[in-house]
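Structural overview for review
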Amino acid sequence: MTPILSISSVSKTYAGGFQALKNISLEINKGEIFALLGPNGAGKTTLISIVCGLVTPSTGTVLAGGHDILRDYRKARALIGLVPQELTSDAFESVWNTVSFSRGLFGKPADPAYIEKVLRSLSLWNKKDNRLMTLSGGMKRRVLIAKALAHEPQILFLDEPTAGVDVALRKDMWELVNSLRATGVTIILTTHYIEEAEEMADRVGVINRGEIILVEEKTELMRKLGSKRLILDLQAPLAGIPPELAEQPLSLGPQGTELIYTYDARREHSGIATLLKGLHDAGITFKDLRTEQSSLEDIFVGLLKEKS
Ligand SMILES: Nc1ncnc2c1ncn2[C@@H]1O[C@H](COP(=O)(O)OP(=O)(O)OP(=O)(O)O)[C@@H](O)[C@H]1O
C-alpha cells in the first residue's frame, strides 16, 4: 500500500523541557481509517499539531503526499483537513459563509456546487443560512467537519470526534466517517473510546507517554479479542502435555495443576467436546473449570501497565 502520510523519528520537547513525543515513526496508508488511542496527555494532540504544521517538531520529518510539512508547508497542508474538538470563532457568520471561507484560505477557487455537496452530505443544507451561534452542539460539530472538508483534503484528522456527544450523534458520526472513506479520504482519528476504534478503524495505534507502543490491524486485535481460554483445574498435576494431546492448542499453568485451552470464541466449533473426549481417553481428570476472555480494553490496559 502507498503511504499518504509518513512520520519519521518525530520528537517534541516543549519550551519548558517536557518531552511530549519520543521518536515517533508511523506510516498511514492511502484510504485507511486509523485510530490513535491513548490516555490523557499521551501526546495525541501534539502529534496531530505537528502533522498539521501548527507545532514544530524538535527532530524528525513529516511528509504528506510526499511534501515536507516544514519545507513545503502550503502543498503539504493543502492535502490535510483538521477537525478540532471545538469551534472557536465565527459565531455570527452563516454556515455557508464559514465553510466557503475555509476553502478560500487554502487558495482554492470558489466552488459553490462542491460546498453544497459537502453541506448536503452532512445534513447541513437546510441550515446553510443559519448563524453558527444558533446551532445545536451536534450541528456545530458537523460544521467543523464541513470546514475541514471545504478545500477537498485527502487526509482528514478528527480530534476526539465524539467526545461528549450523545449516542445518536456518535452513530451518525460513525456513518459519516464511513461515507467519507468511500470517497477515498484517508482518516485519522484520536479517541479515548475503544469501542469507537473497534467500530471504525482499519488499524489501531496506541500512544502512551509520547511513545507509540502498538500499531496493529483491527482484525488482528479482534482476533485477540475473540480468543477465549478454558482453564481446567486438574486433579493431579502434569509434568507436560501428554503426546496424544500434542495437536491441541494447550498449555500448562505454572505448577502443572492447570491445563489451559485457547480457542476462538466466535467460531461455531470451539473444539471443546473433542478436547474433553481426548482428556478422558488420556485418563486426565479435573476438579473444576472456568473460561476467561480478553477484550481490547484488557489488551489496552495491560499494554499501558506494562509500560508504566
Ligand atoms: N505548549 C505546551 N507546553 C508544554 N507542555 C505541553 C504543551 N502542550 C502540551 N504539553 C504537554 O504535553 C503532553 C502531551 O499533551 P497532548 O495534548 O499532546 O496530549 P493528548 O494525548 O492530546 O491528551 P488529551 O487526550 O488529554 O487531549 C501533556 O503532558 C501536556 O501537558
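Residues numbered from 1 in each chain as written. Predicted model: local features only at pLDDT ≥ 70, side-chain atom pairs only at ≥ 80, totals over all residues.

1. Thoughts on the overall build of the protein
If you tally the helices and strands in the protein, you get 10 helices and 14 strands. On C-alpha atoms alone, the protein measures out to a radius of gyration of 25 Å, which is more than a quarter above the 19 Å that the 2.2 N^0.38 rule sets for 308 residues. Judged by the C-alpha coordinates and their principal axes, the protein covers about 80 × 45 × 35 Å. In the protein, which comprises 308 residues, the share counted as buried stands at 31%. Excluding contacts between residues fewer than 6 apart, the proportion of contacts in the protein whose partners are at least 24 apart in sequence is 71%. (Helix = DSSP H or I, 4+ residues; strand = E, 2+ residues; numbered from the N terminus. Rg over C-alpha atoms; globule rule 2.2 N^0.38 Å. Buried ≥ 20, exposed ≤ 12 C-beta atoms within 10 Å, placed from the backbone. Contact = placed C-beta atoms within 7 Å.)

2. Some words on helix α4 (residues 112-121)
Within α4, burial applies to Ile 115, Val 118 and Leu 119. End-on, the buried residues of α4 take up no more than an arc of 95°, which puts them together on one face. Turned more than 90 degrees off the buried face of α4, the exposed positions are Ala 113 and Arg 120. Lining the buried residues of α4 we find α3 (95-105) and α5 (137-149). Phi turns positive, to about 55°, at Ser 123, one or two residues after α4. (Arc of directions from axis to C-beta.)

3. As for the nonpolar core
In terms of nonpolar packing, the biggest core is built from 62 residues, with Ala 35, Val 51, Ala 146, Leu 156, Phe 157 and Ile 187 touching the most fellow members. The dominant element in this core, judged by the number of residues it contributes, is α5, at six residues. Apart from residues no more than four positions distant in its own chain, Phe 157 is found in contact with Ile 48, Cys 52, Ile 80, Gly 81, Leu 82, Val 83 and Ile 188. (Core = buried A, V, L, I, M, F, W, Y, C linked by C-beta atoms within 7 Å.)

4. A few points about the domain arrangement of the protein
When cut into domains, the protein gives domain 1 (3-222) and domain 2 (227-295). Just the C-alpha atoms count here: the centres of domain 1 and domain 2 sit 46 Å apart. (Domains from an automatic or database assignment.)

5. A closer look at the pairing of strand β7 (residues 155-159)
The element β7 is extensively covered by neighbouring structure, given that five of its five residues are classed as buried. On β7, burial covers both faces: Ile 155, Phe 157 and Asp 159 on one face and Leu 156 and Leu 158 on the other are all buried. As paired strands, strand β6 (residues 80-83) and β7 are joined by four bridges and run parallel to one another. Bridge assignment links Val 83 to a residue of β7, and that residue is Leu 158. The pairing of β7 with strand β8 (residues 186-191) spans five bridges and is classified as parallel. In the sheet register, Leu 158 faces β8, and the bridge partner there is Leu 189. Considered for its hand, the β-α-β crossover made up of β7, helix α6 (residues 167-182) and β8 is right-handed. (Pairing = 2+ DSSP bridges. Right-handed = clockwise from strand over helix to strand, strands pointing away.)

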